[in-house]
Structures are given as structure tokens and as C-alpha cells.
Amino acid sequence: MSRVWLIKLTLLFIVIAIMTFAGLQLYQHRHYMMPIVAGPGVTKVVKLSDYSKGLKGTMADTNVFFLEGKEEGGKMLIIANTHSNEPAAILTALIFVENAAVDKGTLIVIPEFNNSAGRNTRPGDGYPLYFEIPTDWGSKKFGMGNREASPLDQWPDPDVYVHYPDKQLLSFLDVRNTNRTWPGRPNGPLMERVTYGAMQIMREEKVDIAIDIHGAETMFPVTNCIVAPEKSLRIATMTSLTVKAREGFENHVEPSPSGFRGLSHREIGDYADTLPFLLEAPLPFLDQPTGPKTLDLLLNGKDPFLLSLSKKGKLFVPYDETGWPMEKRVGQHCSVVLELMRQFSRKFPDRAIKVRNVPRYAEVAKNGVGHYYHDPDKADKDDIYFN
Ligand SMILES: [Zn+2]
């Protein structure tokens with residue numbers, strides 16, 4: 001064999017070895033299943049495809065947890081991981097699923113709304129594939145996802161995404177973004193079938209209030225806030241004022257723009273009788289001028305570049321050496337969800353929702369997020385669901 005051929009074959013072998021090594025990691029990430037321990041309040045678990053048939057058998061199908069109280073009342077839907085690279089959302093949703101006891105009304109929780117995006121990643125940005133949350137019994141491992149669904153599940157992208165039904169022209173990427181594909185349709189692109197499933201839950205179950213949990217850059221003005229359309233504004237404002245007075249954290253209200261289509265806080269309100277809210281907690285990991293996208297940045301939000309920008313007044317949230325630890329973000333989400341529930345119940349007493357055993361801001365900040373997760377090895381097998 002000539003020397004040239006030997007070099008060619010060696011290089012080919014190296015390339016195949018690298019591709020196999022990397023591909024295997026991505027394959028395992030895509031198929032990672034995390035156990036969720038259904039808490040005492042969970043009365044049934046169904047699939048989103050039960051409400052949107054076009055999701056059956058696809059990677060976009062996901063678990064929907066029902067926590068039904070003994071006493072009739074109103075209904076609240078909590079949606080987490082619309083964007084699967086904003087993990088405070090799923091961490092909050094699991095605190096509700098694993099702990100909440102419902103006395104009145106019904107709580108419906110979708111912990112991994114964009115299940116396909118939860119199995120996607122962004123290697124070019126150096127995203128970690130997993131992150132772990134320390135608990136009282138070890139650590140709980142989560143897959144770290146992306147903003148958009150995986151092209152393996154929905155492909156090809158159009159040149160421009162024509163929103164349904166408004167025909168507004170959106171970025172091609174938004175066809176895989178479940179915060180642009182609302183209200184969706186039963187046989188549209190896969191992500192429209194996901195949002196359509198949630199719309200059907202709201203319409204068929206007569207959901208009163210829907211909360212879509214997110215995280216946003218500290219350099220983006222729409223962060224650390226509650227986004228609400230006109231019909232939700234009063235409850236959002238009362239919630240914002242109450243958490244500030246009673247619990248000492250800032251969470252301002254942003255009005256939902258009426259001309260920008262496809263967003264949950266816009267379309268849910270326009271296409272169902274439900275009051276929508278979107279929660280944003282600061283997420284320094286998503287900011288662009290940061291150091292490496294490490295697990296420490298993801299979980300603790302500490303970054304020297306953001307600290308210097310904060311001193312120049314460039315950030316939209318308070319920021320110091322302590323960063324934005326996950327327990328603060330999740331604690332805020334827990335408190336805001338509970339307060340929205342309380343304010344809604346005060347305004348509509350016959351549709352009240354009463355929930356116990358969910359911690360508020362100060363408790364999560366003190367005990368840590370993992371304190372509220374249960375050990376799947378010690379749980380009854382029938383109570384474990386994989387997502
Ligand atoms: Zn988001």
C-alpha cells in the first residue's frame with residue numbers, strides 16, 4: 001500500500017472514531033429518560049397525544065399530570081420547558097408534581113412541554129448535555145435541551161414560517177419553537193400539534209388559568225417579570241405587588257404585545273376562555289457576552305462579564321457577586337404561581353383552586369431545589385413516570 005493511501009485510511013479511521021464517539025453521546029442524550037415521582041396529589045397521568053392525535057408515536061409526545069382535588073373548583077395548567085434550555089421551568093413544575101396536595105380544584109402540569117427540544121442541544125454554543133441537582137438522597141440528573149425542537153423530529157424548515165392562522169411571517173427557526181406555534185392545528189407541523197394539544201386541554205377541561213414558565217437573558221428587558229395580555233393584567237399586577245410586599249422580590253408586569261403572533265400569552269387568551277400568564281426568571285446562561293457555558297453558569301448564574309456590565313448599568317435585573325442561583329429563580333417561580341392562584345381564587349371564589357405543600361421563595365432559597373425531589377429508588381414503581 002502506498003504511503004498516500006495509508007495516510008488517507010488513517011485519517012478516515014480517525015474521523016469515523018470521532019463521529020462514533022460524539023454520535024453515541026448525542027444518541028444517549030436524545031434517549032435519556034428521567035424518572036419523575038408522582039406525588040400524593042397526582043390522580044392520573046395521560047399523554048399530550050390524548051388531546052392531539054397527531055403526536056402519537058412521535059418524540060414530541062409528553063406526560064400530562066393531573067392533580068384533582070376532592071372538592072370541585074377551578075383549573076390551572078402549568079406548562080414548563082416550552083424552551084428546554086430554560087431549566088428553572090421543569091425544576092419548578094416537578095416541585096408541584098412531586099409535592100402538591102390539592103384541596104380544591106385541579107392542577108394540570110406538563111413538565112417537558114417541548115419534549116423534542118428537551119432531546120436537542122446546541123454544540124456550537126458549548127451547551128452541556130446534562131445537569132445535576134443535589135438532593136437529600138444523592139443527585140437528580142436532567143437532560144439539558146435547546147430552544148427549538150430537534151430537526152430529527154420536524155424537518156425541513158421553511159424559508160419563512162407563516163404563522164397559522166394569522167399568516168404573520170416569522171423566522172424559519174420559529175416553526176420549531178413552541179412559543180411561536182400557538183394556537184396550533186391538529187395536522188400542522190409537529191410543534192403546532194404540540195401547542196394544539198395544550199389548547200385542547202384548555203378547551204376540553206375548561207382550564208381557567210394557564211402559566212407558561214420561562215427564563216430570559218439579564219440583558220433583555222422582558223426578564224424577571226410576568227407577561228400578561230389585557231384580560232390577565234389585573235391578576236398579574238396584584239401578584240407582582242403582593243410578592244414584592246410580602247416576599248421581597250421584584251417581578252414586574254409586561255403587557256403582551258397584541259401584534260406579535262404565536263406566543264402563548266397572546267394566543268391562549270385569544271383562542272380559549274383561559275387567562276394566560278408567562279413567567280420569566282433571569283437566566284444569565286442565555287446572555288451572549290459571558291464566559292464559557294459551564295454547568296456552574298447554568299446553575300449559579302455567576303459570570304465576571306455580566307458583573308462588569310451590571311456595574312455599567314447594562315442589565316435589566318439586579319446583579320452582584322452572588323449571580324442568580326437556581327434556588328432563587330425556582331423559588332420565585334413557585335411563589336408567583338401560588339400567588340397567581342391565590343389572586344385568581346379571590347377574584348373568582350366559585351372557581352377557586354387550593355393547593356398545599358408547595359414551598360415559596362424563602363423556603364426554596366433556604367432548602368435548595370433538590371430538597372423537594374423524591375428518591376425514585378425508594379418510590380412505589382407505579383408512581384414513577386419517565387420523561
Ligand atoms: Zn423561553
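Provided above is the structure to which this section pertains.
Below is a summary of the structure that appears in this document. (Residues numbered from 1 in each chain as written. Predicted model: local features only at pLDDT ≥ 70, side-chain atom pairs only at ≥ 80, totals over all residues. Heavy atoms only, no water.)

### A short note on the pattern of salt bridges
- Tallied over the entire structure, the rule returns 21 salt bridges.
- Notably, a salt bridge pairs E148 with R147, separated by 3.9 Å at the nearest N-O pair.
- Looking at E148, the relative accessible area reads 9%, which means it is buried.
- Measuring nitrogen to oxygen at the nearest pair gives 3.3 Å for the salt bridge that ties R261 to D166. Here R261, found in the loop between β12 (252-255) and α5 (264-271), pairs with D166, found in the loop between β8 (160-162) and β9 (169-171); they are 95 residues apart in sequence, far enough to count as distant.
- Residue classification places D166 among the partly exposed positions, given a relative accessible area of 35%. (Salt bridge = Lys/Arg side-chain N within 4 Å of Asp/Glu carboxyl O. Buried < 20%, exposed > 50% of the residue type's maximum accessible area, 1.4 Å probe, protein only. Helix = DSSP H or I, 4+ residues; strand = E, 2+ residues; numbered from the N terminus.)

### Section: the coordination of the zinc ion
- Within the protein, H83 (ND1), E86 (OE), E86 (OE) and H214 (ND1) serve as the donor atoms for the zinc ion, at 2.1 to 2.4 Å.
- Mapping the donors of the zinc ion onto the primary sequence gives the spacing H-x2-E-x127-H.
- The exposure class assigned to H83 is buried, which follows from its relative accessible area of 3%. (Donors = N, O, S within 2.8 Å, 3.2 Å for Na, K, Ca; no water.)

### Looking at the packing of aromatic side chains
- Per the counting criterion, the structure on display carries 8 aromatic pairs.
- Measuring from ring centre to ring centre gives 5.7 Å for F65 and Y385, while their planes differ by 85°; the resulting arrangement is edge-to-face. In this pair, F65 is assigned in strand β3 (residues 63-68) and Y385 in strand β15 (residues 384-386), connecting sequence segments 320 residues apart.
- Looking at F65, the relative accessible area reads 0%, which means it is buried.
- Taken together, the ring pairs in this structure connect F131, F142 and Y373 into an aromatic cluster.
- When the ring centre of F66 is taken as reference, the NZ or CZ atom of K44 above it lies at 4.5 Å.
- When the ring centre of Y32 is taken as reference, the NZ or CZ atom of K141 above it lies at 5.0 Å. (Phe/Tyr/Trp six-rings, centres within 6.5 Å; stacked < 30°, edge-to-face > 60°. Lys NZ or Arg CZ within 6 Å of the ring centre and 35° of its normal.)

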